[in-house]
Every structure is written in C-alpha cells, then in structure tokens.
Amino acid sequence: MQFSFSSRYRITPTSFLDELFRVSRDPSIISFAGGLPDTDLIDLDGIRDATAAVLEEEGRAALQYTTTDGYLPLRECIARRYQERLGIPAVPEEIQIVNGSQQCLDIMGKIFISRGSHIGMEAPGYLGAIDAFSLYEPIIHTVPIIEGGPDPDRFEKLIHNHPLSFFYGIPNCQNPSGTTYSDERRRHLAEILTGSGCAFFEDDAFGELFFDGKPRLPMKHYLLDQTILSGSFSKIIAPGLRIGWIYAPVPVLERFNHAKQAADLHSNLLSQMILVRYLQSNSLDLHIKRITAVYKEKCRLICDHLDALGLTHTEPEGGMFLMATLPEGTSSMQLFKEGVKAGVAILPGIPFYPHGGGEDTIRINFSSPSTEEINLGMERLKKAFRAL
Ligand SMILES: Cc1ncc(COP(=O)(O)O)c(C=O)c1O
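Residues numbered from 1 in each chain as written. Predicted model: local features only at pLDDT ≥ 70, side-chain atom pairs only at ≥ 80, totals over all residues. Heavy atoms only, no water.

So, on to the side chain of Asp-151. In this fold, Asp-151 is placed in the loop between strand S5 (149-150) and helix H7 (152-161). No salt bridge is formed by the buried Asp-151, whose closest oppositely charged neighbour, Arg-154, lies at an N-O distance of 5.1 Å. Not counting residues within four places of it along the chain, the set of residues in contact with Asp-151 comprises Val-143, Pro-144, Ile-146 and Arg-185. (Helix = DSSP H or I, 4+ residues; strand = E, 2+ residues; numbered from the N terminus. Buried < 20%, exposed > 50% of the residue type's maximum accessible area, 1.4 Å probe, protein only. Lys, Arg positive; Asp, Glu negative; His and termini not counted. Salt bridge = Lys/Arg side-chain N within 4 Å of Asp/Glu carboxyl O. Contact = heavy atoms within 4.5 Å.)

Quick look at the structure:
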C-alpha cells in the first residue's frame, strides 16, 4: 500500500528525538540528554490530596467535557500570578489553557504560518519548536545567541529585511543554551520590534526556575500588545498533568481558540481542577524554592566537572540546561557515540541549528540525573573523551 502522505511530511526530516528516546530508554545509560524535571521533586502527596478533594467535591463534573478556553478558576490563578509576581495586567480573558505549552507551538504554527511565511528564532533554538514550526513549511531565519541574548544587530537586520510573522524566543534560562536575556537586551529588542508588525512569541517554560528566586521582567512587560507568551506547569508542578497556557492579545486568542477546538476540543479538565486545588492548598513559591535549590546544586556540580574536563560552558542562572563547547576538532556526534559506548548520553548541539552549526557543542540536562548519577556520568564522559 502506497499511502498518500501530505507533502510537509515528505519534507520534514526525521526528528533526532527518536534516536535520543531510544538511548534514554536504556537503563544502563546515564542520560544528560533528556529534558525531564527531577521526578523526586514532584509533590506526589500534594497531588494525591488535591485529586481526592476534586473527585470528592466535584464528582462527575470533573470528568465531563468543558469549554475550549479552559477552567476559569485556573485562568484566574494564572492571571493573578502575572499581576502579583511581575506586575503585568493580565486578565483571564487573555489566557487560554493548553495541553502543555508544546501545544502552543503547534497552534501558533497553524494560525501564523503559511507555506513560505518568514519566522525568526534563536540559534541554537528549542528543538521542539523547530519540529513544530517546520511542519507548516516556513522560511526560518535565525539570530545567534551571544552574551545577553540574541545578537541585536543581526536581530535588527532580520526585522527590517524580512516580513516576519513572529520571532520565537526563550528569554529565561533558554533551552538548549541555558542563557538568559539581560534586561537591557529585552528593552533593546522591544524597541526594534515596536511598530514592526512582527509579534514576539515568548516561550517562558523556565521563568519560575531562577536559582536566586528573583523574577525577570518578560518581553510581555516591554511589548504588551505585541507579545504572545506561553507558560507551563510542567517544570514547576508535574509534566504528566499536561497543562500549560498561552497569554495573548484577544485577536490572537480568538484564532488560537478556534484552532485548539479543532485539534482537541479542550485540555484535560480533571488536571485543570487538580491544579487549582493544589494551588489553593499549597504554597507554590515554597515548592519552587525547593526545586530551584536542588537544581542550583546539581548545576554547580556539573559545571565543576566540566571545568575539571577543561570544557567551556554557559553559566545558567536557572532552568534545566547548559551548553558546553568541545575542544577544537572534537565532534559532538562522535562524542555522543563514544558516550553511549561508555554508558552516558549527551546531546550534540547539531539539531538545535536549523541551518547547520553546533558540531562542537553539547547540551547537558542537569535537572533529571541524581547527584550520584552526575558524578558517575561525568566519569564516563571523561572515559568517552579519552577514547576519542
Ligand atoms: C522551551 C520549551 N518550551 C516548551 C516545552 C514544552 O513543555 P510542556 O508542553 O510540557 O509545557 C519545553 C519542554 O521541555 C521546553 O523546553
């Protein structure tokens, strides 16, 4: 049988993630290549209590269909947190619940990208975004991340020379590089974007995970009506609940809502109710403090090991990832292969560059492995280097 797949599936390269997942499933391999939060930090008791309370109090209503925009009390919680934590005048009408913030990437592609539309993103950029956008066949332009965020000169040229539908960026603790835009760079990019007709699609998956606990003002603060902001409970409560959100101007949200309805009608209502109950009964700030304290320590430990190996690397202020640069002439793909033989997985930087690059960089996840695994995994990485 010859199936008639759509042309975009013929042109989309097989995701590197497939290979990665295969390696990550092998229990004998210590993986720095994935992107999972620390399983031990998921508040099982808190979620169990919240689930029991929801089922007791809401009964079957928690298991019914609901509206596409999402459970209003949850949208109110999210809006309130923007107001109180960041001083941003969010209202629930501008917030739509999604099935993990990954769904924002797909729906943004659906409503903003026609075949051949121009979009911009960082290089290196989030692999899940490259995959999601590529299915809609855009022309992707990239701006290198340098000290303090995307290169402002390259950014300005791009905005002036191409009619971008949006620029996608991760200003806080970026995946994969671990860099954070400086406040000055945020202001500068916002100035360039003002009146340009190019929206800023701000992925804020890690904005709550700064080691110092201090919030950074998002691009949304500088460009309120031009920024589409996505957020997620995955890294701060539990990814398996699959609940994220988009905070966007109403005209964007109307189209977004329509596209989401066509995709899945609505996100899991039970998860949404559990989250509201959880947030009412627990201090999210305290929980996040516990998470960031552990991540800070693990990140420091990995940085120390990388320093001992003589590798230069980014110094994340938070989040779950960092990037290291390999010595000249060392191929990240070769290191990946040698690493797997030695029982450790790192992620070559190559797939994070849609137009090539990253051969000499690797991404390292520091949230998921335990302290013992970090120590053992880094020993194995040393062995892999020796084998090269
Ligand atoms: C930058 C970034 N955006 C979005 C996502 C998607 O996360 P979720 O769909 O669980 O919210 C991830 C997942 O790792 C991510 O790293």
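There's more to say after this.
Moving on: the UniProt feature "domain: Aminotransferase class I/classII large" (unreviewed entry) in the chain. UniProt annotation of "domain: Aminotransferase class I/classII large" (unreviewed entry) refers to residues 48-381 when read in the numbering used here. A distance of 38 Å separates the end C-alpha atoms of residues 48-381, which is 43% helix and 17% strand. (UniProt positions renumbered as here; feature names shortened; annotations may be inferred.)

On the secondary structure map, Gln-103 appears in helix H5 (residues 102-112). In this structure Gln-103 touches Val-98, Lys-260, Ala-263, Asp-264 and Ser-267, once residues within four positions along its chain are discounted.

Glancing now at the nonpolar core. Ranked by internal contacts, the top residues of the largest apolar core, which has 105 residues, are Leu-74, Tyr-82, Phe-133, Phe-233 and Ile-237. Residue contributions to this core peak at eight residues, all from helix H12 (residues 284-308). Shared between two domains, this core holds at least three residues of each, these being domain 1 (13-43 + 285-387) and domain 2 (44-281). When near neighbours in sequence (up to four residues on either side) are disregarded, Phe-233 contacts Leu-74, Ile-78, Ala-238, Ile-243, Gly-244, Trp-245, Leu-275 and Leu-279. (Core = buried A, V, L, I, M, F, W, Y, C linked by side-chain atoms within 4.5 Å. Domains from an automatic or database assignment.)

You can see Leu-381 is positioned in helix H14 (residues 371-387). Separated by 268 residues in the primary sequence, Leu-381 and Ile-113 have C-alpha atoms spaced 41 Å apart. Other than its neighbours up to four places away in sequence, Leu-381 contacts Leu-309, Leu-335, Val-344 and Ile-346.

Within the structure shown, the criterion is met by 16 salt bridges. Residues Arg-75 and Asp-69 are paired through a salt bridge, measuring 3.7 Å at the closest nitrogen-oxygen approach. The partner of Arg-81 in a salt bridge is Asp-285, with the nearest N and O atoms 2.8 Å apart. Of this pair, Arg-81 sits in helix H4 (residues 72-86) while Asp-285 sits in helix H12, and the two are 204 residues apart along the sequence. Assessed through its relative accessible area of 49%, Asp-285 is described here as partly exposed.

Neighbouring the ligand are 13 residues, the closest being Ser-101, Asp-203, Ser-232, Ser-234 and Lys-235. Contact distances for the ligand include 2.6 Å between an oxygen atom and a side-chain N or O atom of Ser-234. Between the ligand and Arg-242, the relevant distance is 2.8 Å, taken from an oxygen atom to a side-chain nitrogen or oxygen of the residue. (Near = heavy atom within 4 Å. Polar contact = N/O pair within 3.5 Å; in protein donor to acceptor, adjacent residues only side chain to side chain.)

A cluster of nonpolar side chains, Met-1, Phe-3, Phe-5 and Tyr-9, forms an exposed patch at the surface whose accessible area comes to about 590 Å². Structurally, the position occupied by Tyr-9 is in helix H1 (residues 7-11). Residue classification places Tyr-9 among the exposed residues on the basis of a relative accessible area of 53%. (Patch = residues over 30% accessible without salt bridge, like charges linked within 9 Å, V, L, I, M, F, W, Y side chains within 5 Å. Areas by Shrake-Rupley, 256 points an atom, 1.4 Å probe, with all protein chains shown as cover.)

We now examine the domain arrangement of the chain. With domains assigned, the chain is organised as domain 1 (13-43 + 285-387) and domain 2 (44-281). Averaged C-alpha coordinates put domain 1 and domain 2 at centres separated by 25 Å. In this complex, domain 1 contributes 30 residues to the contact, which on the side of domain 2 involves 34 residues. For the pair domain 1 and domain 2, the two sides together bury roughly 2800 Å², of which 63% comes from carbon and sulfur. Seen at the junction of domain 1 and domain 2, the total is two salt bridges. Connecting domain 1 to domain 2 are 14 residue pairs in polar contact (both at pLDDT 80 or more). The element that contributes the greatest number of residues to the side of domain 1 that touches domain 2 is H12, accounting for eight residues. Of the residues assigned to the side of domain 1 that touches domain 2, the class counts are 17 nonpolar, eight polar and five charged. (Buried area = accessible area lost by both parts, 1.4 Å probe. Nonpolar A, V, L, I, M, F, W, Y, C, P; charged D, E, K, R; others polar.)

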